[in-house]
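Coordinates in review
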Amino acid sequence: MNSTLDGNQSSHPFCLLTFGYLETVDFCLLEVLIIVFLTVLIISGNIIVIFVFHCAPLLNHHTTSYFIQTMAYADLLVGVSCLVPSLSLLHYPLPVKESLTCQVFGFVVSVLKSVSMASLACISIDRYIAITKPLTYNTLVTPWRLRLCIFLIWLYSTLVFLPSFFHWGKPGYHGDVFQWCAESWHTDPYFTLFIVVMLYAPAALIVCFTYFNIFRICQQHTKEISERQARFSSQSGETGEVQTCPDKRYAMVLFRITSVFYILWLPYIIYFLLESSTGHSNRFVSFLTTWLAISNSFCNCVIYSLSNSVFQRGLKRLSGAMCTSCASQTIAKDPYTVRGKDPLNGCHI
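Residues numbered from 1 in each chain as written. Predicted model: local features only at pLDDT ≥ 70, side-chain atom pairs only at ≥ 80, totals over all residues. Heavy atoms only, no water.

So the rule is basically this: UniProt positions are given in the numbering used here, feature names are shortened, and annotations may be inferred rather than shown by experiment.
Per an unreviewed UniProt entry, the recorded name for the protein chain is (raccoon dog) hypothetical protein, and the organism is Nyctereutes procyonoides. Of the protein chain, the UniProt comment under Subcellular location (unreviewed entry) reads exactly: "Cell membrane". Checking UniProt for the protein chain, the heading Sequence similarities (unreviewed entry) contains the comment "Belongs to the G-protein coupled receptor 1 family."

A closer look at the overall build of the protein chain
Here is the rule: Strands here mean DSSP runs of E at least two residues long; helices mean DSSP runs of H or I at least four residues long; both are numbered from the N terminus. Here a residue-residue contact requires only that any non-hydrogen atoms of the pair lie within 4.5 Å. With residues, only the protein chains shown are counted as cover, and all accessible areas are computed by Shrake-Rupley using a 1.4 Å probe.
Regarding its fold elements, the protein chain presents 12 helices and zero strands. Taken from N to C terminus, the helices and strands of the protein chain fall in the order α-α-α-α-α-α-α-α-α-α-α-α. Contacts in the protein chain between residues at least 24 apart in sequence constitute 78% of all its contacts with a sequence separation of at least 6. A total of about 18600 Å² of accessible surface is found on the protein chain, and carbon and sulfur atoms cover 67% of it.

A closer look at the environment of Phe 261
Within the secondary structure layout, Phe 261 lies in helix 9 (residues 246–278). Distance in space between the C-alpha atoms of Phe 261 and Ser 295 is 9.4 Å, their sequence separation being 34 residues. Excluding residues that lie within four positions of it along the chain, Phe 261 makes contacts with Lys 113, Ser 116, Met 117, Leu 120 and Asn 296.

So, the nonpolar core
General note: in soluble globular proteins, nonpolar side chains tend to be found buried as a group. Note the cut-off: Residues belong to a common nonpolar core when they are buried Ala, Val, Leu, Ile, Met, Phe, Trp, Tyr or Cys residues joined through side-chain atoms within 4.5 Å. Here the term buried applies to any residue with accessible area under 20% of the maximum for its type, exposed to any over 50%, and partly exposed to those in between, with areas from a 1.4 Å probe on protein chains only.
Within the largest apolar cluster, 76 residues are counted, with the highest numbers of intra-cluster contacts made by Tyr 200, Trp 291 and Tyr 304. At 15 residues, helix 4 (residues 98–132) tops the list of elements feeding residues into this core. Contact partners of Trp 291, with chain neighbours within four places excluded, come to Ile 35, Leu 38, Cys 82, Pro 85, Phe 105 and Val 177.

Overview of the side chain of Thr 187
What counts, and what does not: For the purposes of these results, a polar contact is taken to be a pair of N or O atoms within 3.5 Å, where, inside protein, one atom must be able to donate a hydrogen and its partner to accept one; residues adjacent in sequence count only when each atom of the pair is a side-chain atom.
Within the secondary structure layout, Thr 187 lies in the loop between helix 7 (179–184) and helix 8 (189–236). Since its relative accessible area comes to 15%, Thr 187 is described here as buried. Among the polar contacts listed, one links the side chain of Thr 187 to the side chain of Glu 275, at a separation of 2.5 Å. Excluding anything up to four places from it in sequence, Thr 187 contacts Lys 170, Tyr 173, Phe 272, Glu 275 and Ser 276.

Focus: the packing of aromatic side chains
Inclusion rule: Working definition: rings of Phe, Tyr and Trp (its six-membered ring) pair if their centres are within 6.5 Å, and the pair is stacked with planes under 30 degrees apart, edge-to-face with planes over 60 apart, and tilted otherwise.
Taken as a whole and judged by the stated rule, the model has 13 aromatic pairs. Each ring, one from Tyr 211 and one from Phe 215, has its centre 6.2 Å from the other, and the planes form 25°; the classification is stacked. Placement of both Tyr 211 and Phe 215 in helix 8 is noted, with a separation of four residues, approximately one turn of the helix. Comparing Tyr 211 with Phe 215, the two get one shared label, buried.

What to know about empty space enclosed by the protein
Rolled over the atoms, a probe with the dimensions of a water molecule shows which regions are left empty. Using the following cut-off: Only protein atoms enter the 1 Å grid, on which a cavity is a set of points fitting a 1.4 Å probe that cannot get out and a pocket is an open set with protein on both sides within 12 Å along at least 5 of 7 lines, lining residues being those with an atom within 4 Å of a point. Grid points are joined across faces, edges and corners, and a volume is the space filled by probe spheres set on the points. Three classes are used, and their members are as follows: Ala, Val, Leu, Ile, Met, Phe, Trp, Tyr, Cys and Pro are nonpolar, Asp, Glu, Lys and Arg are charged, and the others, Gly among them, are polar.
Overall, the coordinates contain two cavities of 30 Å³ or more when judged by the stated rule. For the largest cavity, the calculated volume is near 90 Å³. For the lining of the largest cavity, the per-class residue count stands at seven nonpolar, two polar and one charged. Taken as a whole, the second largest cavity encloses approximately 70 Å³ of empty space. The wall of the second largest cavity is formed by 11 residues, among which Ser 110, Lys 113, Phe 161, Tyr 200 and Trp 265 lie closest to the centre. For the lining of the second largest cavity, the elements supplying multiple residues, two or more each, are helix 4, helix 8 and helix 9. By residue number, the principal contributor to the lining of the second largest cavity is helix 4, which donates four residues. Residue classes in the lining of the second largest cavity are distributed as seven nonpolar, three polar and one charged.

This is how it looks when you write it as C-alpha cells:
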C-alpha cells in the first residue's frame with residue numbers, strides 16, 4: 001500500500017502475495033486461486049439460499065427472513081463484484097482506468113458488507129422486540145415497516161462510504177489487489193474514525209445489548225418453566241421433561257451467524273484501525289484480513305443450512321425438484337422409461 005516496489009519487481013505484475021508469483025505464468029497465481037475459489041463459493045452458496053427461501057414458504061413466517069434474504073442478496077453481489085479483481089489479476093482488459101475501477105470496487109464491497117452488518121443489528125433488534133413485547137410485536141413489526149427499514153439500511157450504508165469519492169480517505173482494503181489503490185489511495189484517520197462511529201461501533205453495541213438481554217430473558221423463562229413443572233410433578237408424582245424458551249433456539253441460530261461475522265471481520269477492523277492511526281502497512285496482512293472478512297459471505301450459507309431445520313427441509317425439497325426436472329427430461333428423451341405415479345409437487349413445503 002504505502003510501501004515502495006523493489007527495482008526487480010518492475011517487470012513483474014503487481015502482487016500483494018509476492019510468493020504467489022511464478023515466472024512460468026504472468027499473473028499472481030495464489031491471489032487468483034484464492035479470489036476465484038471464494039467467488040465461486042459465495043455466488044453458488046447464496047444462489048442456493050435465495051432459491052430455498054423462495055421454495056420454502058415456512059421460512060418467510062419469521063420477519064427476520066426479510067433481513068436474511070437481504071444479506072443473501074448483498075453477499076451474492078459481493079461474489080459477483082469479486083469477479084472484477086479476478087479479471088484484473090488475469091490481465092483481462094478493464095473498460096475504465098485502474099484508479100476508478102479499484103475505487104468503485106472498494107466502495108461497492110464496503111457498502112455491501114455494511115448492509116450485512118446493519119441487517120444483523122436489525123435482526124437482533126427484531127428478536128429483542130419479539131421477546132420483550134410479544135403481545136404488541138405484530139403491530140410494531142409490520143411488512144411495510146420492514147421494507148422501509150431495509151431501504152434505509154441500503155441508503156445509510158451508501159451515504160456512510162460515499163465521502164471516499166470526495167477525497168476523505170480509503171473506505172477499506174478491498175481494492176488493494178489493484179496497484180493504484182494499494183500505493184496511491186491512503187487511509188485517513190479521521191475518515192476511519194467516522195466509519196467506526198457511524199457504523200462499526202453502533203452495530204456492535206446493538207448486537208451485544210440485544211443478545212445479552214435475549215438470552216437473559218430466555219434463561220429466566222426456562223427457570224420459571226422448570227420450577228412450575230417441578231411443583232406440578234411433586235403434586236402428581238410424574239416427572240416431565242424441562243422445556244426451554246421457544247425463541248431461544250432460533251435466537252441461537254442468528255447469534256451464530258452474527259458471531260461468525262464479527263469473528264471474521266475483527267482482524268480486518270483491527271488492521272484498518274492500526275494502519276490508519278500508525279501509517280504502517282503490510283501487503284500480506286492486508287490481503288489476508290480482507291479476504292478472510294469477505295469469506296463471511298459464504299459462511300452465512302453454511303451456518304443457516306446446518307442450524308435451521310426448516311431450511312434443511314427446503315434444501316432437500318429443492319434438490320428433489322431439481323432431480324425431478326432432470327428425470328422428466330430423461331423420460332422425454334426415452335419414451336420407454338416407466339413413469340412414477342406420484343411426482344413431486346414443485347418445491348413448496
